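Residues per chain are reported as follows:
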Amino acid sequence: DELMVGTPPCVDVSISYADEFTAQVYIANTTDIAGFQFDLSAVSDGDFELMDAFGGLAELASFEVSSNASGTVVGFSLTGATIPPSDGILIELDYDMMGAYAILNLDNVIFSDSNGEAIPMGVGGEVVIGELPPVPEAPTGLTATLSNMVDVELCWPWTDYAEFHTVYRDGQAIGNTQEICFNDNGLDYDTSYIYWITASNVMGESEASDTAEVTTE
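Definitions and limits used
- All chains use their own residue numbering, which begins from 1 and follows the written sequence.
- Note on the predicted model: pLDDT of at least 70 is required for a residue's local features to be given, and 80 or more for side-chain atom pairs to be given and counted; whole-chain, interface and lining totals, by contrast, use all residues.
- Heavy atoms throughout the structure, all of them, feed into the side-chain values; hydrogens and water do not.
- For helices the rule is a DSSP run of H or I covering at least 4 residues; for strands it is a run of E covering at least 2, with both sets numbered from the N terminus onward.
- For each residue, the accessible area found with a 1.4 Å probe, counting protein chains only, is set against the maximum for its type, and the residue is called buried under 20%, exposed over 50%, and partly exposed in between.
- Whether two residues touch is decided by their heavy atoms; if any such pair falls within 4.5 Å, the residues are in contact.
- In these tables, accessible area is a Shrake-Rupley quantity obtained with a 1.4 Å probe, and a residue counts as shielded only by the protein chains included in the view.
- Each salt bridge in this description consists of a side-chain nitrogen of Lys or Arg and a carboxyl oxygen of Asp or Glu lying within 4 Å of one another.
- Residues enter a nonpolar core if they are buried and are Ala, Val, Leu, Ile, Met, Phe, Trp, Tyr or Cys, with the set joined through side-chain atoms within 4.5 Å.

Take the overall build of the protein next. The helix and strand tally for the protein stands at one helix and 18 strands. Along the first, second and third principal axes, the C-alpha atoms of the protein reach 80 × 30 × 30 Å. Here the protein holds 217 residues, and 39% of them are scored as buried. Here the analysis covers contacts within the protein between residues at least 6 apart in sequence; of these, 66% occur between residues at least 24 apart. When the accessible surface of the protein is summed, it comes to about 11600 Å², and 48% of that surface belongs to carbon and sulfur atoms.

Here's what the structure looks like:
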């Protein structure tokens, strides 16, 4: 598209396409781009690893592009070349996604001009791959066992769709765990405590379980 004289320098960047294997990062820029950097962040129920970054306008401009498994992508020219005002795919990303879903975002985004100055920009929203889970149901089967007069062990069956459980004592959260037991030690003597747990995932926190009451000796 032909740019109007006086168009302010800016870059709009977003994830324009994503599936279980690859994503495309799209830009619309009104000024020359001499370098860029961003992090592809992923919230997932399994491992997520960036494998490669390649192609697109960065390759056409002969940019040197590097990436790492944690999601950082850097592109620049060793010869002073730039990406001219454009509207297209900046770069393609290949990744290894091991979970049932991933929520992708572009974070810590920087575009710079030939003078090394940051270019004003806008960043698109998150992209969801796969099927997000439902909020877990309230956990069941909570038990509380007293030992050593002032130590409590809480156990329960794992809750479907949970990524972690939160333990509450007398209405206050005292810890998150990815195990099915939790130890609450060194309590006050001759004191009653009421416990319950919830289950959480990326979609939210469940209702509370039934309570379990313990009185120390």
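Along the chain, Ser44 falls in strand S3 (residues 35–44). Each residue touching Ser44, except ones within four places of it in the same chain, is listed here: Gly99, Tyr101 and Ala102.

Moving on, we get to the pattern of salt bridges. Scanning the entire structure with this criterion turns up one salt bridge. As a salt-bridge pair, Arg169 and Asp184 come within 2.9 Å of each other at their nearest N and O atoms. With Arg169 in strand S13 (residues 164–169) and Asp184 in strand S15 (residues 181–184), the pair connects residues that are 15 residues apart, well separated along the chain. The exposure class assigned to Asp184 is buried, which follows from its relative accessible area of 7%.

Attention shifts here to the nonpolar core. Core analysis: the biggest nonpolar cluster contains 33 residues, and Phe38, Leu90, Ile91, Tyr95 and Phe111 have the highest contact counts within it. For this core, the secondary structure elements donating two or more residues are strand S1 (11–18), strand S2 (22–29), S3, strand S4 (48–54), helix H1 (56–60), strand S7 (86–97), strand S8 (101–112) and strand S10 (127–130). Apart from residues lying up to four places away in sequence, Phe38 is in contact with Val25, Gly71, Thr72, Val73, Leu90, Ile91, Leu93, Leu106, Asp107, Asn108 and Val109.

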